[in-house]
Amino acid sequence: MLSLYNTATHKKEEFKPNEAGKVSMYTCGPTVYHFAHIGNLRTYIMEDVLEKYLRYIDFDVKRIMNITDVGHLSSDADTGEDKMLKGAKREHKTVMEIAKFYTDAFFEDMKKLNIKRPDVVEPATSCIDEFIKMIEVLLEKGYAYEAGGNIYFDTSKLDEYYVFNKHDAEDLQVGVRDDVFEDTNKKNKTDFVLWFTKSKFDDQELKWDSPFGVGYPGWHIECSAISIKHSGEYLDIHCGGIDNAFPHHTNEIAQSEAYLGHKWCNYWFHVLHLNTNSGKMSKSKGEFLTVSLLEQKGYDPLVYRFFCLLSHYRKSLVFSYEGMDNAKVAFNKLIKKIGTLKAEGELNEQEAKPFVEKFKEALDNDLNTSLAITALYDVLKAKISDATKLYLISDFDKVLSLDLIKKANEKDEGANADLTAKVEALIAERGEAKRAKDFAKADEIRATLLEMGIEIKDTREGVVWNKI
Ligand code: AMP
Ligand code: ZN
């Protein structure tokens, strides 16, 4: 039985979806005003493992992700400039050009890290009608009000607003606040914007007509509306990085449950941050680590995935090149070891079973990926046939997605290509020596080849060689 830590209840709980065998899963997507940094991608890697493990244990999963291309302001608390506009100004492009470029770049990075594309990917700008409909209902029900031209959610109408930190204030990590300013339109400090018409920024590029005036949606409403559009009134798992818990997810719960009139999502899965020695990684800080930068420095993106899998998602992780180097060495050793396995011997499913159990036990326990990797090492050490080992490795890789067998074969092919080139060069050299009647040298080369495990025969068609 899979158990997951639920931020909403502050404990590990047995996972039971609303509908037997089916899971609806929502992921907060990227704000596409810049490249994703490897911190963002840590969150998406761990969410990918969760999705793939749910599929591995036979759930039919529908995963939905938004693309934030409007409404996310520099501070998560509804102040500052729209991040998209900031990106567009930085690069002298339009907001839509920026959105397209960085959405494509995001999916390129996802592909390099073997992160599956969610079943539904929906940009916020294509759901304006849904946001408007939801805001209209919230106004009708008395959960929203107009002030100074904007529409706000009235948090005083809720019995409980701080859903995540009620038991443990330390769990709460407030989103980035570059630019805190008091919005005097708000009735309560915690109220948040559903629809902006009075922006501090007259040059807000994308605006839509609405019953509340020409303007644009707030950030939080997009995730509620997109989730409800694709998964209906009940959601099983909502995911995101821990900074999203407050205020973003707190506000999503407030408006979704006010709109629906009942509990909305049962499990909240939050990934702790990737930090550097100097603190949290942030796109707004200018310099940050990307997948391309890792590649330029000679790291295979899957080494970064491996690095992430070695730690538990609920612990913050410190990135260092030393840590990456260690992961690289361990990953290459692992691939090399897998490369020595021969597809020989009988596959013995009975013998495979306890290893599968151990792998599942690790992941069932709140997605303990580092123990799942230990289960993989146990397979390599075990006294079972190579065929059974290869079966288990490819089975585990359905979840780990490290391309273990493919990489081992590539290494094998690479090594073979190297050997062929060396052997052929030596054979050519021997031919030269023979033509020059330097038979001693020719014999020496034959001996060298033998030491390399290569036997040669002179035939009428030329020299043929084979491995002994
Ligand atoms: P954003 O593109 O800023 O909307 O963030 C995309 C995702 O990355 C969200 O789920 C964030 O919570 C998550 N995130 C942001 N910073 C980090 C970090 N340093 N480590 C892990 N996840 C992060
Ligand atoms: Zn969201």
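Right above here is the structure, for reference.
Being a predicted model, the structure only gives us computed values, none of them experimental.

Enquirer: Where do I start with the site of ligand 1 in this structure?
Expert: Neighbouring ligand 1 are 16 residues; Thr31, Gly39, Thr43, Asp243 and Lys283 lie closest to it. Take Gly39: an N or O atom from its main chain is 3.1 Å from a nitrogen atom of ligand 1. Within the backbone of Leu274, a nitrogen or oxygen atom sits 2.9 Å from a nitrogen atom of ligand 1. The element best represented in the shell around ligand 1 is helix H1 (residues 38-56), accounting for four residues. Residues of the shell around ligand 1, tallied by class, amount to four nonpolar, 10 polar and two charged.

Enquirer: Please clarify how the nonpolar core should be interpreted in this entry.
Expert: One finds Leu54, Ile237, Tyr304 and Phe396 to be the most contacted residues of the largest nonpolar core, which totals 89 residues. No other element matches H1, which puts 10 residues into this core. Both domain 1 (15-280) and domain 2 (298-406) contribute no fewer than three residues apiece to this core. Phe396 has contacts with Tyr56, Phe355, Val356, Phe359, Ala375, Leu376 and Val379, leaving out every residue within four places of it along the chain. Counting residues in each nonpolar core, the second largest holds 50 residues, with Ile64, Ala225, Leu260 and Leu272 among its members.

Enquirer: I keep staring at the packing of aromatic side chains and nothing clicks. Help me out?
Expert: Aromatic ring pairs are described here by two measures, namely the spacing of the ring centres and the angle between the planes. Per the counting criterion, the structure on display carries 26 aromatic pairs. Judged by centre distance (5.6 Å) and plane angle (20°), the rings of Tyr145 and Tyr152 are stacked. Residues Phe359 and Phe396 carry aromatic rings whose centres are separated by 4.0 Å and whose planes lie at 0° to one another, so their mutual orientation is stacked. Taken together, the residues span a long stretch of sequence, with Phe359 in helix H10 (residues 349-364) and Phe396 in helix H12 (residues 386-400) at a distance of 37 residues.

Enquirer: Whenever I open this one, the coordination of the zinc ion (ligand 2) confuses me. Can you help?
Expert: Metal coordination angles in their ideal form are 109.5 degrees for the four-donor tetrahedron and 90 or 180 degrees for the six-donor octahedron. The protein atoms that coordinate the zinc ion (ligand 2) are Cys28 (SG), Cys223 (SG) and His248 (NE2), at distances of 2.0 to 2.1 Å. In the primary sequence, the donor residues of the zinc ion (ligand 2) line up as C-x194-C-x24-H. Separated by 195 residues along the polypeptide, Cys28 in the loop between strand E3 (22-27) and H1 and Cys223 in helix H5 (residues 219-231) bring together distant segments of the chain. Grouping residues by exposure puts Cys28 and Cys223 together as buried.

Enquirer: Would you mind going over the pairing of strand E10 (residues 235-241) with me for this structure?
Expert: Moving residue by residue along a regular strand, the side chains alternate between the two faces of the sheet. Burial analysis of E10 places seven of its seven residues in the buried class, which makes it a mostly covered element. As judged from the three bridges shared by E3 and E10, these two strands associate in the parallel manner. For Met25, the partnering residue across the bridge sits in E10 and is Ile237. Taken together, E10, helix H6 (residues 248-260) and strand E11 (residues 265-271) constitute a β-α-β crossover, and its handedness is right-handed.

Enquirer: What's the story with the side chain of Lys83 in this structure? I'm lost.
Expert: Looking at where Lys83 falls in the secondary structure, it is placed in helix H2 (residues 83-91). Those residues within four positions of Lys83 in sequence are excluded, and the remaining contacts are Thr31, Tyr33, His72, Leu73 and Ser74.

Enquirer: Mind showing me how you'd approach the environment of Ile135 here?
Expert: Structurally, Ile135 can be placed in helix H4 (residues 128-140). Expressed as a C-alpha distance, the spacing of Ile135 and Lys467, which sit 332 residues apart in the sequence, is 73 Å. Look past the residues within four positions of Ile135 in its chain and what remains in contact with it is Ile151, Leu194, Trp195, Phe212 and Ile221.

What counts, and at which threshold
- Residues numbered from 1 in each chain as written.
- Chains lettered and ligands numbered in written order.
- Predicted model: local features only at pLDDT ≥ 70, side-chain atom pairs only at ≥ 80, totals over all residues.
- Heavy atoms only, no water.
- Near = heavy atom within 4 Å.
- Polar contact = N/O pair within 3.5 Å; in protein donor to acceptor, adjacent residues only side chain to side chain.
- Helix = DSSP H or I, 4+ residues; strand = E, 2+ residues; numbered from the N terminus.
- Nonpolar A, V, L, I, M, F, W, Y, C, P; charged D, E, K, R; others polar.
- Core = buried A, V, L, I, M, F, W, Y, C linked by side-chain atoms within 4.5 Å.
- Buried < 20%, exposed > 50% of the residue type's maximum accessible area, 1.4 Å probe, protein only.
- Domains from an automatic or database assignment.
- Contact = heavy atoms within 4.5 Å.
- Phe/Tyr/Trp six-rings, centres within 6.5 Å; stacked < 30°, edge-to-face > 60°.
- Donors = N, O, S within 2.8 Å, 3.2 Å for Na, K, Ca; no water.
- Pairing = 2+ DSSP bridges.
- Right-handed = clockwise from strand over helix to strand, strands pointing away.

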